[in-house]
Amino acid sequence: MDRDALQLSREQMRSLGYRVVDLLVDHFAGTEEETGQTPSRAALEEALREDLPEDGQDPHAVLDQVEEDVLPNTRRIDHPRFFGFVPGPNNFIGVLADALAAGFNVFSGTWISGAAAAQVELVTIDWLRKLCGLPEGAGGLFTSGGSMANVTALAAARHAMLDDILDDAVAYCSDQTHTSVDRALRLLGFGPDQLRRLPSDDEFRLDLEALTEAVATDRTDGHRPFCVIANAGTTNTGAVDPLPALAEVADEHDLWLHVDGAYGAPTAICKRGRERLTGLDRADSITLDPHKWLFQPFEIGGVLVRNPTHLRRAFRLEGEYLEDAMGPEEEVNFSAYGIQLTRSFRALKLWMTLKVFGRQHIAAGVRRGFERAEQAERLLRKRPEWTVVTPAQMGIVTFRCEPNGWNPLRIDALNRQLPPAINEENQRFLTKTTLDGRPVLRLCPINPRTTREDLRATIDRLDALRQTMSVS
Ligand SMILES: Cc1ncc(COP(=O)(O)O)c(C=O)c1O
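Residues numbered from 1 in each chain as written. Predicted model: local features only at pLDDT ≥ 70, side-chain atom pairs only at ≥ 80, totals over all residues. Heavy atoms only, no water.

Caption draft 1: Just the layout of surface pockets, in detail. Quantified by volume, the largest pocket comes out at close to 680 Å³. Lining of the largest pocket is provided by 25 residues; of these, Leu 24, His 27, Leu 71, Asp 78 and Asn 90 occupy positions nearest its centre. Here the lining of the largest pocket gets six residues from one element, more than from any other, and that element is helix α1 (residues 10-28). Split by residue class, the lining of the largest pocket holds 13 nonpolar, five polar and seven charged. Counting residues domain by domain, the lining of the largest pocket receives three or more from each of domain 1 (3-31 + 39-74) and domain 2 (106-357). (1 Å grid on protein atoms, 1.4 Å probe; cavity = no way out; pocket = protein on both sides within 12 Å on 5 of 7 lines; lining within 4 Å. Points joined across faces, edges and corners; volume = space filled by probe spheres on them. Helix = DSSP H or I, 4+ residues; strand = E, 2+ residues; numbered from the N terminus. Nonpolar A, V, L, I, M, F, W, Y, C, P; charged D, E, K, R; others polar. Domains from an automatic or database assignment.)

Take a look at the structure:
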């Protein structure tokens, strides 16, 4: 090994590489019983704190430490019994693609440095555009995730609708909207009072009447409504806002319609998803995350814009050192359409995954997520102490344990205690959320490798744990 050149011999690279591949193969073979763990900060300080190594160590010893101290102390977000937050059920092809993208260190910010990477991104984005029903000419780019996609889309909206003048501008969304939208607007210079988080209806969808009233009142008061942000699958319950009606309101009141489909829009790949997403094709911009429900390793989010010129106008700035990089118009420089100049070749993993498995098989995997949530709902409905709060929709079911005769405070305490109790066993993982001010449990079984038995065992275990709890 030539440490000064950071260069390993071929043999060293092979032996380390094969070890890494073996680790990944074991991981993907589905033999891991546990969902990983969440140790305390103190325990990890003990395991991992050290001074910056002066002389470097044997790479196999470092890999040993990764195997012993690092990987087991992270949660397996892609485990079939990880039902919390939005799981990340990635796939091996995507992992190989990421290794290639990192290994060749492909720069996909400019055409001159990464022409084929840009072309792969153009093709893959176009596949997503078609799935979402946007017209030819619409386009977009891959981002690090949904938060970045929301910022990118809303920057385009700000530019297109306000010419970047923010005074008195207001945007609208439901109270179920992901906080990345609030953060995006904050980053773009809007104050908190420039986003109206309207109360949602009894199915946790944006209330149309509340929206039209708010727009009218704001106009009368001299504000400038410019954007409505709709959900295509909320993180809390999977609710889809009434997209066709919102598109009408947006048309009538000249508002930009951004759809945050980070979680739900990828389901446009299957028929069930498309049925739930009627009206998505009328959006001005869409966030959709392949690293959620298109089975990609983190980090790949996506943003689609009906008229990508708005992205370009919002983002294009040319430093003099980039003069050589900007070729003819058709040779797309993705750095001119978003925030990052240096961008990794994210498109490769989605492109390879879609090519290897094919649309219909990925659609089957997505459909399975819908079905698993429905199975969970059926299992819950059969149990007397358990109440379904929101039925399975878009792969999410929410529920509570409500033992007879317990007062509401005691019931809330019980439902707060159940997730940590089940999670600390490291066999299953789920999270709670809050709906109408009360804690509810939530299952998001979108991993296509989750079985019905995984769900049954999880609900059985919750039930058994509840019997051990007598919250006072
Ligand atoms: C609906 C929705 N929007 C945006 C985001 C943010 O996406 P990311 O975590 O990829 O930044 C999430 C994440 O769960 C989400 O569910």
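Caption draft 2: Seen up close, a nonpolar patch on the surface. On the surface, a nonpolar cluster with roughly 190 Å² of combined accessible area is contributed by Leu 48, Val 70 and Leu 71. Here Val 70 is to be found in helix α3 (residues 59-70). (Patch = residues over 30% accessible without salt bridge, like charges linked within 9 Å, V, L, I, M, F, W, Y side chains within 5 Å. Areas by Shrake-Rupley, 256 points an atom, 1.4 Å probe, with all protein chains shown as cover. Salt bridge = Lys/Arg side-chain N within 4 Å of Asp/Glu carboxyl O.)

Caption draft 3: Representation of the nonpolar core within the structure. Of all hydrophobic cores here, the largest spans 58 residues; its most connected members are Val 228, Val 259 and Ile 286. Shared between two domains, this core takes at least three residues from each, and those domains are domain 2 (106-357) and domain 3 (360-468). Not counting chain neighbours up to four residues away, the residues in contact with Val 259 comprise Ala 230, Ala 232, Leu 243, Leu 280, Ala 283, Ser 285, Ile 286 and Thr 287. If you look at the next biggest cluster of nonpolar residues, it comprises 33 residues, including Ala 155, Ala 184, Phe 226 and Trp 256. (Core = buried A, V, L, I, M, F, W, Y, C linked by side-chain atoms within 4.5 Å. Buried < 20%, exposed > 50% of the residue type's maximum accessible area, 1.4 Å probe, protein only. Contact = heavy atoms within 4.5 Å.)

Caption draft 4: Summary view of helix α8 (residues 208-220). The end-to-end C-alpha distance of α8 is 18 Å, a good match for the 18 Å that 13 residues give at a rise of 1.5 Å each. Buried residues of α8: Leu 211, Ala 214, Val 215 and Asp 218, and no others. End-on view of α8: buried residues confined to an arc of 100°, all on one side of the axis. Exposed side chains of α8 directed beyond 90 degrees from the buried face belong to Glu 209, Glu 213 and Thr 220. As for α8, its buried residues are in contact with β2 (169-174), β3 (195-198), β4 (224-231) and α9 (243-253). The N-cap residue of α8 is Asp 207: its side-chain oxygen and the backbone nitrogen of Glu 209 are 3.0 Å apart. (Expected span 1.5 Å × (residues − 1). Arc of directions from axis to C-beta. Polar contact = N/O pair within 3.5 Å; in protein donor to acceptor, adjacent residues only side chain to side chain.)

Caption draft 5: Local environment of the environment of Leu 188. Position of Leu 188 among the secondary structure elements: in the loop between α7 (179-187) and β3. A C-alpha to C-alpha distance of 13 Å links Leu 188 and Asp 163, two positions 25 residues apart in sequence.

Keep in mind these values describe shape, not function.
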